[in-house]
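As a plain string of letters, each chain reads:
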Amino acid sequence: EVSASKSDLQQILCADVQSSLGEVLPSADGLSGNYEAVLSRLNQLVGLERVKKQVQRLFDFVHVQHEREVAGSKTAKGFAQHLVFTGNPGTGKTAVARIVADLYFSLGIISSNRIVEVDRSGLVAGYIGQSAIKTLAVVKSALGGVLFIDEATHSHQSVERTTSEVRSSTRC
């Protein structure tokens with residue numbers, strides 16, 4: 001039989017919060033205990049040596065910034081980590097984006113490991129002027145997480161073609 005004092009029952013432990021949230025909380029060094037597990041998922045992917053090296057550099061940077069903060073030195077705040085994954089369909093770009101979202105979250109770079117995935121149809125509207133509104137809504141929905149634009153090069157080419165067609169049709 002387990003017995004607990006009134007004092008024990010009034011304390012909220014880290015394990016209680018983690019159980020309620022369903023995720024591992026950051027440790028004292030600012031890293032989630034989940035970092036190693038997520039890194040292992042990335043390392044299990046074949047190839048991607050450049051991506052793996054970039055992740056290691058990012059980890060080193062975040063670790064140094066944390067140590068500088070602990071020592072009372074100035075640190076970089078709000079730095080951007082925009083990435084572009086290129087490759088043929090089926091080469092794992094979406095899978096890597098999901099892993100990167102988990103890594104950024106475990107490193108404390110973003111506040112959520114939520115990933116918003118969109119393609120051209122999620123950004124481009126049918127009428128001129130509506131695309132900006134649609135795109136802004138998608139960007140806002142991804143704040144604090146990761147925005148993954150699938151087939152972004154096709155979206156860019158399509159927007160350029162549409163813009164060119166509009167210019168042609170408005171000439172006198």
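This one's a predicted model, so the numbers in the text were calculated from it and none came from an experiment.

Engineer: Quick one: what's the story with the layout of surface pockets, residue by residue and with numbers?
Structural biologist: One number sums up the size of the second largest pocket: a volume of about 430 Å³. Around the second largest pocket sit 20 residues that line it, and Leu48, Arg50, Val51, Val84 and Phe85 are the ones nearest its centre. Among the elements of the structure, helix H4 (49–70) and helix H5 (93–106) are those that each provide at least two residues to the lining of the second largest pocket. Top element by residues in the lining of the second largest pocket is H4. It accounts for six residues. A class-by-class count of the residues in the lining of the second largest pocket yields twelve nonpolar, five polar and three charged.

Engineer: So what's going on with unusual backbone geometry? Which residues, and what values?
Structural biologist: Positive phi outside glycine occurs at Leu48, with the angle close to 55°. Note on placement: Leu48 falls in the loop between helix H3 (35–43) and H4. With a relative accessible area of 29%, Leu48 lands in the partly exposed category.

The rules behind the values
Residues numbered from 1 in each chain as written. Predicted model: local features only at pLDDT ≥ 70, side-chain atom pairs only at ≥ 80, totals over all residues. Heavy atoms only, no water. 1 Å grid on protein atoms, 1.4 Å probe; cavity = no way out; pocket = protein on both sides within 12 Å on 5 of 7 lines; lining within 4 Å. Points joined across faces, edges and corners; volume = space filled by probe spheres on them. Helix = DSSP H or I, 4+ residues; strand = E, 2+ residues; numbered from the N terminus. Nonpolar A, V, L, I, M, F, W, Y, C, P; charged D, E, K, R; others polar. Buried < 20%, exposed > 50% of the residue type's maximum accessible area, 1.4 Å probe, protein only.

All quantities given are derived from atomic positions and should not be read as evidence of function.
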